[in-house]
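# Chain and residue survey
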Amino acid sequence: MDPIRESLLKKSKASKLEMRGKIITYFCIGLIVAIVLAIFYFVASKGLATFFTDKVSIKDFLLGKSWNPGTLDKSGKPEVGALPMISGSFFVTFLSALIATPFAIGTAIFMVEISPNKGSRILQPVTELLVGIPSVVYGFIGLSVVVPFVRSIFGGTGFGILSGTFVLFVMILPTVTSMTVDTLKSVPRYYREASLALGATRWQTIYKVILRAATPGIMTAVVFGMARAFGEALAVQMVIGNASLMPSSLITPSSTLTSILTMGIGNTVMGSLENNALWSLALILLLMSLFFNMVVRVIGKRGALK
Amino acid sequence: MNPKKADKIATSILYGIAGFVVLVLAALLGYILVRGLPHVSWQFLTTPAKSFSSGGGVGIQLFNSFYLLLLTLLISFPISLGAGIWLSEYAKNNWVTTVIRTSVEILSSLPSVVVGLFGFLIFVVQFNFGFSILSGALALTFFNLPLLTRSIEESLRAIPYSQREAGFSLGLSRWETVTRVVVPDAVPGILTGVILSAGRIFGEAAALIYTAGQSAPALDFTNWNPANIASPLNPMRPAETLAVHIWKINSEGIMPDASAVSAGASAVLIIAVLLFNFLARFGGKALYRKITSSK
């Protein structure tokens, strides 16, 4: 063939290189999507086996109050009521979010509105450091400080929802704070100027203008914190006592989904009912993290700052 | 109450809250360092752990943590770089990109214990890798991928578009522009992201309990043949890391000096994380100054 014609019709070296590069990046991003799909497929297939293979009814599983997968109850059904763990998880999540939110918002306001100088010099690195502390270290501090403290004040063993709440409070505080700071910073400057020009004090401006404008962002931050608290495993497992009983008070040993999972999965045989029931707990965790994700999305869509 | 008084009260309350948060961190760090540092010695950092008697160290666990960190970064960095390049350079504004972005977000919000269990199911059970460093590194890769991808994407996006236009106008293809112009310019940001993710990997335990295992067999540090079972480099041996070690001795409670060992190990862990943070803060800036000769 004519060499000029050939060079016009064939792909150039540069466009081949471009193709190759494109394929590499497509492969990488495809891999991440494939991992997500695989996680959902495998955890769902294992978790649903409790209901389809072992014929446990979903209602018994979600609302049953006794967790003892190895044994059968009076009517011959396995005792796999996950309500103690589910309620334990929700209790620690909501309580820690409830305590952490005012502190997080207060710190964020301080960093953005009251003293931006000290905020960026002291509090910014402090929150970054708190995020970086590994969860087992939080668990260890919980075990050696919080548990004895709760024991000496409230009696009992010290293990329980209250200790878990304290540990989670410190863990989610920096997450919620730094996200709230970002939202407060994104409130336009002229909002503040308009309010101050009307003669409002700084606190009136913060309370009546800035916090109102930042509400969707703050809610997102709190939901993120709750998602982190819900999925946290080891720090909670170390201080909550791990008794799979319905939580009767804040200071009696109880359990969360994650704590029973970490304790149990190594002691059960793959494919048995005990094991499948644990995978069902993992499935609940997965669905809850999906749910938190959706909530964040809905808040973001409806509350976008106009 | 008049507005001025309310303003004063609110301001002092906010000062109080901010002070409290600083106090909490100071107390946490102080507690760990004061309790832990007296136990940290060269001997503590280099001798193997003892299960039933006191006086054990964390030598093997420390080595395992670093080795696992290295392997995880080796696996996850290239993938994150590719994915980050796709997201910032090739992604079109359509539903496919939305789906992909959503799945990256979901992966980053999954509880690490679920990721660990998935790694257990796939690598330990299905692929029969057993409790091994390889299984642990792959599970940590899943955990690390979305976070690292996002931070790489952000640092690539921070490069002005004019840099890309300059590349295109020289006749470079998009891929060449990215690899020769954009990525080198973004190196400091990427480095910061990698170091911060290293801190997270170093402290992670929940994803490792059922993948890298909870035992640390004795290692022969004179044997560097990766195929030998006693070699520190063998990726198929079970490897308890420092973070897992803290969790394990506290929840099993048969080691007589468990609380002293975990205080020491926590101090080592915290110092490592502080170092990573410090490096991320100043390393990126220093590198940027060095390679761009700017101030």
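Computed from a prediction, not measured in an experiment: that's the story for all the values here.

Quick look at the overall build of chain A now. Each helix and strand in chain A was counted, giving 12 helices and two strands. Along its sequence from the N terminus, chain A presents helices and strands in the succession α-α-α-β-β-α-α-α-α-α-α-α-α-α. The C-alpha radius of gyration computed for chain A amounts to 26 Å, which surpasses the reference 19 Å derived for 306 residues by more than 25%, pointing to a less compact arrangement than a globule. In terms of overall dimensions, chain A has C-alpha extents of about 85 × 75 × 35 Å along its principal axes. Residue burial in chain A is summarised as follows: out of 306 residues, 50% are buried. Relative to all contacts within chain A whose residues are 6 or more apart in sequence, the contacts with residues 24 or more apart total 69%. Accessible area for chain A stands at about 14300 Å²; split by element, carbon and sulfur atoms hold 68% of it. In chain A, 27 positive and 13 negative side-chain charges are present, and the distance between their average locations comes to 7 Å.

Here we take up the side chain of B:Ser80. Residue and element names in this part refer to chain B. Mapped onto the fold, Ser80 is located in helix H3 (residues 59–90). What makes Ser80 buried here is its relative accessible area of 0%. Each residue touching Ser80, except ones within four places of it in the same chain, is listed here: Leu145, Leu148, Thr149 and Ile152.

All names here are of chain A. If you look at the biggest cluster of nonpolar residues, it comprises 175 residues, and the most contacted ones within it are Phe61, Trp67, Tyr138 and Leu281. Per-element accounting of this core gives the leading share, 14 residues, to helix H12 (residues 273–302). Discounting residues that sit within four places of it in the chain, Trp67 has contacts with Phe61, Glu79, Val80, Gly81, Ala82, Met85, Ser244, Ile260, Ala277, Leu278 and Leu281.

Residue and element names in this part refer to chain A. The UniProt feature table records "transmembrane region" (unreviewed entry) at residues 21–44, 90–114, 126–147, 153–176, 209–230 and 277–296. Secondary structure over residues 90–114 splits into 100% helix and 0% strand, and the C-alpha atoms at its two ends are 34 Å apart. Strand forms 0% of residues 277–296 and helix 100%; the C-alpha atoms that close the span are 29 Å apart.

Here helix H5 (residues 116–132) of chain A contains 17 residues, and its C-alpha end-to-end distance of 23 Å stays within 8% of the 24 Å for a straight helix at 1.5 Å per residue. Where H5(A) bends most, at A:Leu123, the angle is about 35°, and the proline A:Pro125 comes one to four residues later. Where the residues of H5(A) are buried, they touch helix H4 (83–114), helix H6 (135–154) and helix H7 (161–186) of chain A together with helix H1 (3–36) of chain B.

Reading the values: the criteria
Residues numbered from 1 in each chain as written. Chains lettered and ligands numbered in written order. Predicted model: local features only at pLDDT ≥ 70, side-chain atom pairs only at ≥ 80, totals over all residues. Heavy atoms only, no water. Helix = DSSP H or I, 4+ residues; strand = E, 2+ residues; numbered from the N terminus. Rg over C-alpha atoms; globule rule 2.2 N^0.38 Å. Buried < 20%, exposed > 50% of the residue type's maximum accessible area, 1.4 Å probe, protein only. Contact = heavy atoms within 4.5 Å. Areas by Shrake-Rupley, 256 points an atom, 1.4 Å probe, with all protein chains shown as cover. Lys, Arg positive; Asp, Glu negative; His and termini not counted. Charge placed at Lys NZ, Arg CZ, Asp CG, Glu CD. Core = buried A, V, L, I, M, F, W, Y, C linked by side-chain atoms within 4.5 Å. UniProt positions renumbered as here; feature names shortened; annotations may be inferred. Expected span 1.5 Å × (residues − 1). Bend = angle between axes of the 7 residues up to and from the residue.

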